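Listed below are the residues making up each chain.
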Protein chains: 2
Amino acid sequence: MARPRTFDEDRALDAAMRVFWANGYEGTSTQNLCDATGLGRSSIYNTFASKYDLFSRALARYMETMTARQAAILEDTGRPAAERLRELFAVIVADEMTTRQGGHSLGCLTVNTTVELAAHDPGIARMLERDTARRLSLLREVVAAGRREGAFTSPRDPDDLARYLNALIAGLRISAQGGAGRAALEAITEIALDALTR
Amino acid sequence: MARPRTFDEDRALDAAMRVFWANGYEGTSTQNLCDATGLGRSSIYNTFASKYDLFSRALARYMETMTARQAAILEDTGRPAAERLRELFAVIVADEMTTRQGGHSLGCLTVNTTVELAAHDPGIARMLERDTARRLSLLREVVAAGRREGAFTSPRDPDDLARYLNALIAGLRISAQGGAGRAALEAITEIALDALTR
DNA sequence: CCGATTCTGTACCGATCCATCCAAAACCTG
DNA sequence: CAGGTTTTGGATGGATCGGTACAGAATCGG
């Protein structure tokens, strides 16, 4: 029929995602994307409509994989809720430690994009809001489960507790980007749980 | 001697700061800076060495004013520590609600810059680290005072509690940038205090 | 009111921005 | 192996990027 592609679209998307993650949307040039993906400009623009479209799809991919990972941990109803939440924190801290570049982590593409684009781009903002809603739902469920198990004794509204945890996770990412080390991050997560078990 | 300036340098710096705050470093063009300050390119480059230098000074100004405001609240030893901390949260939430543009706040220039530049620019990173150290010190002091007063019963290390509060404040900003409303932000701050009083 | 000095507006610089065009290359079907 | 179709690389597009050059305007000391 026709000449086939010599590259894998998902691999290209992954490479693009990492560049956007490290440099932000404005901070990434189309040349950067060519270098990172190994593709020519033509191949990129033939596959993705624009830099914006490529970013949008990279962000969607990131959110899907990240939130799915978190869902797998938080929805593992075979384990106590408190243990699931601790595991989530441990994974997040581990991620922050492994995406380090010269003393500072890259943080989280979702958080980074919220900072850079949420106020300027309604389309991106809606994507972020959907992802946040999903994570809030996961967190609310694990909080409710922990309460049923008697582990989380806080009388606060589970919705608010979920928002609290979500905010704290974002703050954890910012702290890591600011240079906080593993011990500091772990201490933060320990204290964060105190609010649930008080 | 010579022709005097027709503009106030501090006012120009303020205008530049707001543009960087709203659009980030990469997202702000020199033309944007001319428009916002009302200055011509010559005046800007005659007063500031470069876009980078202008940003650096705008950031320094932001950090100085913001942290000074927070210090004034946290170091007001005439009031109970818990009250001071609540007041800090109230001011932060109020700020986030007033810098809104179309449902999303602009967040905090310090946090935004941490996301955009900390991993790439050692000079900016050091500025941010100094500011963070100063705020951590303020928070540690208020935590220690609250403990002496018997209000904060958490047995955790005051250093860690300060880091926890700092992370939570950043998360509060991110939540606001993501579209969280006043009620949600206030609930988060209430729960955050639970970790200190457990 | 003149000379020295500084500020300011405009034009301009090379580099880079995102995106497109087009011809050559590569593949599948018949 | 020929025709049709898609991909690919390289050249190229106008626009904008950060920054500079330069001439004229504005002010002060004398």
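The name given to chain A in an unreviewed UniProt entry is TetR/AcrR family transcriptional regulator, and the organism recorded there is Streptomyces hoynatensis.

1. Considerations on the interface of chain B and chain A
Facing 40 residues of chain B, the contacting portion of chain A comprises 41 residues. It is Val-115, Ile-191 and Asp-194 of chain B in chain B that bury the most area against chain A; as a group they hold 17% of the surface buried on that side. Between the two partners, chain B and chain A, sit 4 salt bridges. Among the ionic pairs, Asp-194 of chain B bridges to Arg-198 of chain A, the shortest N-O distance being 3.6 Å. Applying the counting rule to chain B against chain A returns 9 residue pairs in polar contact (both at pLDDT 80 or more). Going through the elements one at a time, helix H1 (9-23), strand E2 (104-105), helix H6 (109-117), helix H7 (122-148), helix H8 (158-177) and helix H9 (182-197) of chain B are the ones with two or more residues in the side of chain B that touches chain A. For the side of chain B that touches chain A, the leading source of residues is H8 of chain B, giving 12 residues. In the side of chain B that touches chain A, the residues fall into 19 nonpolar, 13 polar and 8 charged.

2. Here's the deal with the UniProt feature "DNA-binding region" (unreviewed entry) in chain A
Look at the UniProt record and you will see "DNA-binding region" (unreviewed entry) annotated at residues 29-48 of chain A. Summarising residues 29-48 of chain A: 75% helix, 0% strand, and an end-to-end C-alpha distance of 15 Å.

3. With respect to the pattern of salt bridges
Here the structure, examined in full by the defined rule, presents 38 salt bridges over all chains. The salt bridge involving Asp-10 of chain B is made with Arg-61 of chain B; its shortest N-O contact spans 3.7 Å. Of this pair, Asp-10 of chain B sits in helix H1 while Arg-61 of chain B sits in helix H4 (residues 51-74), and the two are 51 residues apart along the sequence. Residue Glu-87 of chain B pairs with Arg-79 of chain B through a salt bridge whose shortest N-O separation is 3.6 Å. Overall, the relative accessible area of 29% leaves Glu-87 of chain B in the partly exposed class. Because the salt bridges share partners, they merge into one network encompassing Arg-5, Glu-9, Asp-53 and Arg-57 of chain A.

4. What about the protein's contact with DNA strand D?
In the region of DNA strand D, 23 residues are neighbours, and Arg-3 and Ser-42 of chain A together with Met-1, Thr-30 and Arg-41 of chain B sit closest. Backbone atoms, meaning sugar and phosphate, make up 59% of the atoms of DNA strand D lying within 4 Å of the protein. The contact in question runs from a base nitrogen of DNA strand D to an N or O atom on the side chain of Arg-3 of chain B, over 2.8 Å. Between Ser-42 of chain B and DNA strand D, the recorded distance is 3.0 Å, taken from a side-chain N or O atom to a base nitrogen.

5. Section: the packing of aromatic side chains
Enumeration according to the criterion identifies 10 aromatic pairs over all chains in this entry. Measuring from centroid to centroid gives 6.1 Å for Phe-20 of chain A and Tyr-25 of chain A, while their planes differ by 20°, and the two rings are stacked. An identical accessibility class is assigned to Phe-20 of chain A and Tyr-25 of chain A; each is buried. Ring centres of Trp-21 of chain B and Tyr-62 of chain B lie 5.1 Å apart, and the angle between their planes is 70°; this geometry places the pair in the edge-to-face category. Here Tyr-62 of chain B lies in helix H4 and Trp-21 of chain B lies in helix H1, a separation of 41 residues in the sequence. Assigned by exposure class, Trp-21 of chain B and Tyr-62 of chain B land together as buried. In this structure an aromatic cluster arises from ring pairing among Phe-20, Tyr-25, Tyr-52 and Phe-55 of chain A. Here Lys-51 of chain A stacks its cationic end above the ring of Tyr-25 of chain A, 4.4 Å away from the centre of that ring.

6. Some points on the confidence of the model for chain A
When the pLDDT values of chain A are averaged, the result is 97; 100% of them are 70 or greater. Looking over chain A, one finds the lowest element-wise mean pLDDT in strand E1 (residues 100-101) of chain A, namely 89, and the highest in helix H8 (residues 158-177) of chain A, namely 99.

7. Overview of the nonpolar core
Judged by nonpolar contacts, the single largest core of 70 residues is most densely connected at Leu-85 and Tyr-164 of chain A together with Leu-85 and Tyr-164 of chain B. In this structure, Leu-54, Val-111 and Ile-124 of chain A together with Ala-12 of chain B belong to the second largest nonpolar core, which totals 68 residues.

8. A look at the protein's contact with DNA strand C
Around DNA strand C sit 24 residues, and of these Met-1, Arg-3 and Tyr-45 of chain A together with Thr-6 and Ser-42 of chain B come closest. The protein-proximal atoms of DNA strand C, defined as those within 4 Å of the protein, are 63% sugar or phosphate. In the model, a base nitrogen of DNA strand C is placed 2.7 Å from a nitrogen or oxygen of the Arg-3 of chain A side chain. Between DNA strand C and the protein, one listed contact pairs a phosphate oxygen with a backbone N or O atom of Thr-28 of chain A at 3.2 Å. Only helix H3 (41-47) of chain A together with helix H3 (41-47) of chain B provide two or more residues apiece to the surface near DNA strand C. Here the surface near DNA strand C gets 4 residues from one element, more than from any other, and that element is H3 of chain B.

9. Side note on the relation of the copies chain B and chain A
When chain B is fitted to chain A, the best match, at an RMSD of 0.0 Å, comes from turning it 180° and sliding it 0.0 Å along the axis. Within this description, the copies of the chain are treated as partners about a two-fold rotation axis. Of all interface residues in chain B, 100% are interface residues in chain A too; the two copies therefore contact each other through one and the same surface.

Conventions and cut-offs
- Residues numbered from 1 in each chain as written.
- Chains lettered and ligands numbered in written order.
- Predicted model: local features only at pLDDT ≥ 70, side-chain atom pairs only at ≥ 80, totals over all residues.
- Heavy atoms only, no water.
- Contact = heavy atoms within 4.5 Å.
- Buried area = accessible area lost by both parts, 1.4 Å probe.
- Salt bridge = Lys/Arg side-chain N within 4 Å of Asp/Glu carboxyl O.
- Polar contact = N/O pair within 3.5 Å; in protein donor to acceptor, adjacent residues only side chain to side chain.
- Helix = DSSP H or I, 4+ residues; strand = E, 2+ residues; numbered from the N terminus.
- Nonpolar A, V, L, I, M, F, W, Y, C, P; charged D, E, K, R; others polar.
- UniProt positions renumbered as here; feature names shortened; annotations may be inferred.
- Buried < 20%, exposed > 50% of the residue type's maximum accessible area, 1.4 Å probe, protein only.
- Near = heavy atom within 4 Å.
- Phe/Tyr/Trp six-rings, centres within 6.5 Å; stacked < 30°, edge-to-face > 60°.
- Lys NZ or Arg CZ within 6 Å of the ring centre and 35° of its normal.
- pLDDT = per-residue confidence, 0-100.
- Core = buried A, V, L, I, M, F, W, Y, C linked by side-chain atoms within 4.5 Å.
- Least-squares fit on C-alpha atoms with pLDDT ≥ 70 in both.

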